[in-house]
Amino acid sequence: MKITRRAFTAVVAGAITAPLTDIRIARAADKVVRIGYQKYGTLVLLKGKGTLEKKLEAINYRVEWAEFPGGPQLLEALNAGAVDFGSTGETPPIFAQAANAPLIYIAHEPPAPRGEAILVPKDSPIKSVADLKGKKVAFNKGSNVHYLLVKALEEAGLTYEDVEPSFLAPADGRAAFERGAVDAWVIWDPFQAAAEVAIEARELRNGEGIVPNYQFYLGTNALVDNHAGAVDVLIEAISEVDAWTKSDTAAAAAELSPSVGIPEPILVKALERQSYGISSLDDSVVAQQQAIADTFFELKLIPKKVTVADAVRKNKA
């Protein structure tokens, strides 16, 4: 069968334009920053304000948001390639790095040791951390409060083996705590503040003097290596929200309350225990994070030693 010149031209044109179309689609896909956030914190405030979308649109990027119940779940998604960027406490990145997740520490917030605590029911006979020996303690495995529990037990002369861990995400932890299925609950704000106000949970020990409770902003290797401009815009936008929250905590609580379903007074209590001022990691922060990694390896909570410095974004020259 003869092919006419017009048909031949159409076939050739199709062969040329199809790959170009695929390339354009691929490039468009590359221009998405997928952000994982938790129900509380600077990222959910940033999402609510909508300022990041405008900033990234100016450099031809768009944003996709995904909510997670805790840092470990968020970093599992990062490891699976489902998100590119997110924020967690100190411990989840240690577990993720031990699992060979392609993550990079980009920046951090200052210490907020009062923003996490070991709680007991208001009428509990438990009066000190030492009284937790043999007791069932709920916490989110691999989260920042996991390390708080380890260090608090150590301070009290106990070991991690002296308690019975009950690995529960925040909502399940609160439920177990309220019905008396566990003796203590190790949790972070705003869940901590909510339990203190709503059910008069009593603080047994917070992080002051034993753990810093940093918040880290983390991204995939691919995001940091290939989309540095977008990362810089992200950090700039987070810094602006940080400054606003610090200067007007009540306004931040009012904006956050509808999205998290927590009353404003509780959020004010939680936000006032936070620290603000995003910055890159210095040697002292890396050293403290390395101490967590070493502790967890010694306790056989992670399968191998990790070097935190290997996963820190290099400062620009």
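Criteria and thresholds
- Every chain is numbered on its own, with residues counted from 1 as its sequence reads.
- The model is predicted, so local features are restricted to residues of pLDDT at least 70 and side-chain atom pairs to those at 80 or more, both for listing and for counting; the totals for chains, interfaces and linings are taken over all residues.
- Water and hydrogen atoms play no part in the side-chain values, which are based on all heavy atoms of the structure.
- UniProt positions are given in the numbering used here, feature names are shortened, and annotations may be inferred rather than shown by experiment.
- Secondary structure elements are defined from DSSP: runs of H or I of at least 4 residues count as helices, runs of E of at least 2 residues count as strands, and each element is numbered from the N terminus.
- Any residue under 20% of the maximum accessible area for its type is buried, any over 50% is exposed, and the rest in between are partly exposed; the area is computed with a 1.4 Å probe on protein chains only.
- Any pair of residues with heavy atoms lying within 4.5 Å of one another is described as a contacting pair.
- Confidence per residue, as judged by the predictor, is encoded in pLDDT with a range of 0 to 100.
- An expected span of 1.5 Å times one less than the residue number is assigned to each helix.
- In this description, strands pair whenever DSSP reports at least two bridges between them.
- Whenever a helix is involved, its axis is fitted only over the stretch in contact; in every case the axis is a line through C-alpha atoms, and angles between N-to-C directions fall within 0 to 180 degrees.
- Take a side-chain nitrogen of Lys or Arg and a carboxyl oxygen of Asp or Glu: if they are within 4 Å of each other, that pair is a salt bridge.
- Residues grouped as a nonpolar core are buried Ala, Val, Leu, Ile, Met, Phe, Trp, Tyr and Cys residues, joined through side-chain atoms within 4.5 Å.
- All the domain ranges listed were derived from an automatic or database domain assignment.
- If an angle is under 35 degrees, it is roughly parallel; if it is over 145, roughly antiparallel; if it lies from 65 to 115, roughly perpendicular; otherwise it is oblique.
- Three classes are used, and their members are as follows: Ala, Val, Leu, Ile, Met, Phe, Trp, Tyr, Cys and Pro are nonpolar, Asp, Glu, Lys and Arg are charged, and the others, Gly among them, are polar.

- Per an unreviewed UniProt entry, the chain carries the name Putative aliphatic sulfonates-binding protein and comes from Rhizobium multihospitium.
- Quoted verbatim from the Subcellular location (unreviewed entry) field of UniProt, the annotation for the chain is "Periplasm".

### A few points about the overall build of the chain
Here comes step 1: Looking only at helices and strands, the chain has 13 helices and 10 strands in total.
Here comes step 2: Within the chain, the proportion of its 317 residues that are buried is 49%.
Here comes step 3: In the chain, once contacts between residues fewer than 6 apart in sequence are set aside, the share between residues at least 24 apart is 79%.

### Some points on the confidence of the model for the chain
In low-pLDDT regions, the fine details of the predicted coordinates are not to be read closely.
Here comes step 1: For the chain, the average pLDDT comes to 89, and 90% of its residues sit at 70 or higher.
Here comes step 2: Confidence drops under pLDDT 50 across residues 1-29; counting only partners more than four residues distant or on other chains, this segment forms two contacts.

### What to know about helix 13 (residues 283-298)
Here comes step 1: For helix 13, which comprises 16 residues, the first-to-last C-alpha distance of 22 Å matches the rise-based estimate of 22 Å (1.5 Å per residue) to within 8%.
Here comes step 2: What helix 13 keeps buried is the set Val285, Val286, Gln289, Gln290, Ile292, Ala293, Thr295 and Phe296.
Here comes step 3: As for helix 13, its buried residues are in contact with helix 5 (91-98), strand 4 (103-109), helix 6 (144-155) and strand 10 (215-220).
Here comes step 4: Just downstream of helix 13, Lys300 is the residue with a positive phi angle, here 60 degrees.

### Looking at the sheet that holds strand 9 (residues 202-206)
Here comes step 1: With mixed pairing, the five strands of this open sheet are ordered in space as 7-6-8-5-9. If you trace the sheet from one side to the other, it starts and ends with strand 7 (164-167) and strand 9, each paired once. Ignoring strand direction, the axes of neighbouring strands in this sheet form an average angle of 30 degrees.
Here comes step 2: Helix 8 (residues 191-198) contacts strand 5 (116-120), strand 8 (184-188) and strand 9 of the sheet and is inclined by roughly 130 degrees relative to strand 8.

### Some points on the pattern of salt bridges
Here comes step 1: Throughout the structure, instances matching the rule amount to 13 salt bridges.
Here comes step 2: Linking Lys55 and Glu236 is a salt bridge whose minimum nitrogen-to-oxygen distance equals 3.6 Å. Residue Lys55 is located in helix 3 (residues 51-57), and its partner Glu236 is located in helix 10 (residues 228-247); the two are separated by 181 residues in the primary sequence.
Here comes step 3: For Lys55, a relative accessible area of 23% corresponds to the partly exposed category.
Here comes step 4: In this structure, Glu64 and Arg62 form a salt bridge, with 3.0 Å as the shortest nitrogen-oxygen distance.
Here comes step 5: One salt-bridge network, held together by shared partners, links Asp189, Glu196, Lys269 and Arg273.

### A short note on the nonpolar core
Here comes step 1: Core analysis: the largest hydrophobic core is formed by 60 residues, its most contacted members being Leu103, Tyr105, Ile118, Leu132 and Leu149.
Here comes step 2: Looking at this core, the element that brings in the most residues is helix 6, giving seven residues.
Here comes step 3: Structurally, this core is a two-domain feature, drawing no fewer than three residues from each of domain 1 (32-112 + 214-311) and domain 2 (116-206).
Here comes step 4: If you look at the next biggest cluster of nonpolar residues, it comprises 40 residues, including Tyr37, Leu56, Val63 and Val233.

### A few points about the packing of helix 10 against helix 11 (residues 249-260)
Describing two packed helices takes the angle between their axes plus the distance from one axis to the other.
Here comes step 1: It is the contact of helix 10 with helix 11, at a shortest axis distance of 5 Å, that shows an interaxial angle of 115 degrees. Considering their axes alone, helix 10 and helix 11 lie roughly perpendicular with respect to each other. Here Trp244, Thr245, Lys246 and Ser247 of helix 10 lie close against helix 11, whose contacting residues are Thr249, Ala251, Ala252 and Glu255.
Here comes step 2: Taken together, the residues that form the contact of helix 10 with helix 11 break down as three nonpolar, three polar and two charged.

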